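If you want the building blocks of each chain, they are given just below.
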Amino acid sequence: MGRRSKNKQLPPESLGEEPSFPSKKQLGKRKAEVETLEDEKPSIRPAKRVKDINGKRKEKIKSKAGSDTDGSEGWEDVEDGAELKKAQIGSLFNDSDNEEPDAFTGDLDDAGLEEDDDFLQAPAQEFDFGSDEDEEEGVPKHEKSKHVQLGGRAISAQPEDSSDEYGADDDEPVTMANMAKLSRKLEARAVAEAELDVEELKALAAEEDEDEDMDADAPEDTNGDISAEPFHLPTPTEREQEKASGGPDVHLVQRRMRECVRVLANFSKRAEKGRSRSEYVDQLVADIASYYGYNEFLAKKLFQLFPVNEAIEFFEANEVPRPVTIRTNTLRTRRRDLAQALVNRGVNLEPIGKWTNLGLQVFESSVPIGATPEYLAGHYMLQAASSFLPVIALSPQPNERVLDMASAPGGKTTHMAALMQNTGVVFANDANKARTKSLTANVHRLGCKSVVVCSYDGREFPKVMGGFDRVLLDAPCSGTGVISKDPSVKINKSERDFTLLSHLQKQLILCAIDSVSPDSKTGGYVVYSTCSVTVDENEAVVDYALKKRPNVKLVETDLEFGVKGFTQYRGKTFSPSVSLTRRFYPHVHNMDGFFVAKFKVEKRSKVPATQGKEEEVEPKFVDEEFKVGAQETFTGFNEEEDQPYLEEAKRKRMKAKGLRPPPRTKPAMPSKTVETTA
Ligand SMILES: C[S@@+](CC[C@H](N)C(=O)[O-])C[C@H]1O[C@@H](n2cnc3c(N)ncnc32)[C@H](O)[C@@H]1O
């Protein structure tokens, strides 16, 4: 693990609190924040909104809970993170839906909870969630609001210490009756604070500009003080020597990172004479890798996604756990009833935000959130907020036929079944049979009656089944969006992994598209998502699908927030419509890194056929480049198809014997058939 990781238990260093390397003045303010945090119990803390690089508000993560976690398979957001989540949130939450589905593996019928779970609910008290009248997932409006709602202020059962930055008037005890009111008040205050922050940041930026004119070349030490030693970028030989002697100390790495960021922000003015920009970048990436514990390959790959300052924020955010969130299962309860029941058990929670009326963010709990009677009765799923997004984008409708192509452990399957109100059918597929156990357990626990679990390689669709109204492909991926949950990703991903994953994703996405019925009256959509932030696994896959399947187009995801997908990246140009895809980042949205794309599948185009009759262009099952290992099954000879080949072979044989072959009945066959998919 990196130096930053090793130092996690120590008081936060200035770098940790201040990814964008503040001036001395800023550090003074941040220091006060750090001290406040140190006094607090290690608990999930709310996020504070500040302005992001695009001028939009974003979440500033204020959690100080450790993120020491065990590695997990890296497939997804939740299931395999049992151990790590435990580590993150200590004894508060010692179980999780997706993580330890074994907590309850029986059928709810067995437990007698299927139809009537009233007895599990807390005494009736008013719990007003304002706009939460309708418990169905609202249809979010694109561009309606760019404000991310995840984060906000914890509502505490006990008033917090008045030294808390939110001020003394929060001392009013929180009750069921005043919770919503306080929540709105705090929301309003957060907005006001964010606006103040914006002003403050503008003022600081102006001051900084002035300062920089005066002391542009005066280097700062780790505390932001002006140091006597000017910064010197090590030469390649010095770097080798440094490596040989066991590497630099953590303070030197910190300072060097800060200096490199500073230089790269104004290269022509601040760089050492004769040194190139790439030398500073290389040094910075090497230091990021050692400080945060990444292999250099991945550190560089992730670094390249962002402007320099933002990259540091991204790496910092990966050191902090994301908020614990749950999704109300509307097949069994309503959010307000669930919130009420959990508050009565000592759970400190708040609605996630306006973009979902199913989610609750849990701040503290005196009971294990993965083992409450409500959990066991399937009233909620412990699910990362980002995992709501692909299902919201897919928007499955009642009575539809839907495929969840890579579905275990079922967070999204059960969400879809709930949106479809247990009507229609959801085929929940996963290639990994072992993982379908947890999927089945979740399907039962949440009372999803319209789900069929199956285990095929996704690339076997649509051969095994097709004609779906909608398909979700939540693809197997590298997990670079969930590093805070699974830090093993930092060191175990190589270039080869990304190549293989990207190929698999490209195969799967074509199969997902071909499994959709373009004639669907209500749908005809595919949503592709990953919990990864790399372009190879996201935009490149989507662009490939657009090229290979001219009968699909990208459409709006209808998600309220998220950063537009890249249309150009490191010399590659993607279709302009790729900007309709959405990226989600830990440092911007305080969610796991995620990617969502939505396709509309249309009828395949007609092409003039040889017989003068128009024919549909049949897509190929997989492309030539992916033939190896594909599950093509031999379905017997087709005499009509083979006839021209047989005829041609006969002609060749006759020619070889010096005989004159009869005239062709059909045009000549190409010597080698090259199938095209376009
Ligand atoms: C990101 S996880 C899915 C998480 C799931 N959608 C949820 O919300 O709980 C990716 C899944 O893809 C499965 N998988 C990997 N390769 C596959 C393939 N070729 N076909 C189908 N599923 C595959 C993995 O077993 C893993 O469960």
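Residues numbered from 1 in each chain as written. Predicted model: local features only at pLDDT ≥ 70, side-chain atom pairs only at ≥ 80, totals over all residues.

Engineer: Please give an account of the nonpolar core that cites residues and values.
Structural biologist: Within the largest apolar cluster, 116 residues are counted, with the highest numbers of intra-cluster contacts made by Ile288, Leu473, Ile513 and Val526. Top element by residues in this core is helix 19 (residues 495–514). It accounts for nine residues. Excluding residues that lie within four positions of it along the chain, Leu473 makes contacts with Met405, Ala406, Leu508, Ile509, Ala512, Val526 and Tyr528. (Core = buried A, V, L, I, M, F, W, Y, C linked by C-beta atoms within 7 Å. Buried ≥ 20, exposed ≤ 12 C-beta atoms within 10 Å, placed from the backbone. Helix = DSSP H or I, 4+ residues; strand = E, 2+ residues; numbered from the N terminus. Contact = placed C-beta atoms within 7 Å.)

Engineer: Lay out the UniProt feature "active site" (unreviewed entry) in the chain with the relevant residues and their values.
Structural biologist: Mapped onto the present numbering, the UniProt feature "active site" (unreviewed entry) falls on Cys531. Secondary-structure assignment places Cys531 in the loop between strand 11 (525–530) and helix 20 (539–548). (UniProt positions renumbered as here; feature names shortened; annotations may be inferred.)

Engineer: Which residues make up the UniProt feature "binding site: S-adenosyl-L-methionine" (unreviewed entry) in the chain, and what values do they have?
Structural biologist: The UniProt feature table records "binding site: S-adenosyl-L-methionine" (unreviewed entry) at Ala406, Ser407, Ala408, Pro409, Gly410, Gly411, Lys412, Asp430, Asp457 and Asp474. The topology assignment puts Ser407 in the loop between strand 7 (401–404) and helix 16 (411–419). Taking the number of C-beta atoms within 10 Å as the measure of exposure, Ser407 has 30 and is therefore buried. Apart from residues lying up to four places away in sequence, Ser407 is in contact with Lys412, Thr413, Ala428, Asn429, Asp430 and Leu439. Summarising the element assignment, Pro409 is placed in the loop between strand 7 and helix 16.

Engineer: Talk me through helix 7 (residues 236–244); I want residue IDs and the actual numbers.
Structural biologist: Since the α-helix turns once every 3.6 residues, residues separated by three or four places project in the same direction. Of all nine residues making up helix 7, only zero are buried, and the element is barely covered by its neighbours. Once helix 7 finishes, Gly246 follows within two positions and takes phi at roughly 95 degrees, a positive value.

Engineer: Can you tell me about the sheet that holds strand 3 (residues 324–328), naming the residues and giving the values?
Structural biologist: Taken together, the four strands give an open sheet; going across it, the order is 4-5-3-6, and neighbouring strands pair in antiparallel fashion. This sheet does not close on itself; its edge strands, each paired only once, are strand 4 (347–353) and strand 6 (380–382). Across the sheet, the axes of successive neighbouring strands diverge by a mean angle of 35 degrees, strand direction being ignored. Across six bridges, strand 4 lies against strand 5 (residues 356–365) in antiparallel orientation. In the sheet register, Gly353 faces strand 5, and the bridge partner there is Thr356. Helix 13 (residues 335–344) rests against strand 3, strand 4, strand 5 and strand 6 of the sheet, and its axis sits at about 155 degrees to strand 4. (Pairing = 2+ DSSP bridges. Axes fitted to C-alpha atoms, helices over the stretch in contact; angles between N-to-C directions.)

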